[in-house]
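Working through the structure, step by step
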Amino acid sequence: MGNPIYIQIVLMIVIIYFFMIRPQQKRAKTEREFESNLKVGDKIVTKSGIHGKISELADTTMVIETMSGKLKMERSAISIEMTAKLNAPAK
């Protein structure tokens with residue numbers, strides 16, 4: 001018969017995987033997809049709250065136009081893409 005302590009350790013590792021590691025991997029995947037789907041002309045909000053429109057895209061950076069000028073930022077600094085929300089009909 002197996003020692004119960006080994007069964008408890010294996011069970012604890014499985015629980016940690018399903019409640020901590022797996023959701024974090026899913027979140028990272030959706031964030032990568034979001035960053036890769038950005039395109040020039042999209043209206044966005046950065047994680048620091050700056051609103052702007054994408055004017056140039058590179059592999060890891062982008063240039064956004066704001067009311068005060070242009071800013072070069074990392075793609076990972078984008079929080080929300082607002083173009084679809086702004087163009088959606090009002091409910």
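Residues numbered from 1 in each chain as written. Predicted model: local features only at pLDDT ≥ 70, side-chain atom pairs only at ≥ 80, totals over all residues. Heavy atoms only, no water.

The helix and strand inventory of the protein chain stands at two helices and five strands. For the protein chain, restricting intrachain contacts to residue pairs at least 6 apart in sequence, the fraction spanning at least 24 positions comes to 34%. Surface summary for the protein chain: the accessible area is close to 7,300 Å², and the carbon and sulfur share equals 61%. (Helix = DSSP H or I, 4+ residues; strand = E, 2+ residues; numbered from the N terminus. Contact = heavy atoms within 4.5 Å. Areas by Shrake-Rupley, 256 points an atom, 1.4 Å probe, with all protein chains shown as cover.)

To continue, consider the nonpolar core. L38, I44, I54, M62, I64, M73 and I78 together form the largest nonpolar core, which totals seven residues. Contacts of M73, omitting those with residues within four sequence positions, involve T46, T60, T61, M62 and I64. (Core = buried A, V, L, I, M, F, W, Y, C linked by side-chain atoms within 4.5 Å. Buried < 20%, exposed > 50% of the residue type's maximum accessible area, 1.4 Å probe, protein only.)

Direction of pairing for strand β3 (residues 61-66) relative to strand β4 (residues 69-74): antiparallel, over a ladder of six bridges. Residue pairing for β4: M62 is matched across the bridge by M73. In this structure, the hairpin formed by β3 and β4 is closed by a connection of two residues. (Pairing = 2+ DSSP bridges.)

Here the focus is the pattern of salt bridges. Going through the model one piece at a time under the given rule, you end up with two salt bridges. K47 is the salt-bridge partner of E31, the closest N and O atoms lying 3.7 Å from each other. Of this pair, E31 sits in helix α1 (residues 4-36) while K47 sits in the loop between β1 (43-46) and β2 (51-57), placing them 16 residues apart in sequence. For E31, a relative accessible area of 35% gives the class partly exposed. (Salt bridge = Lys/Arg side-chain N within 4 Å of Asp/Glu carboxyl O.)

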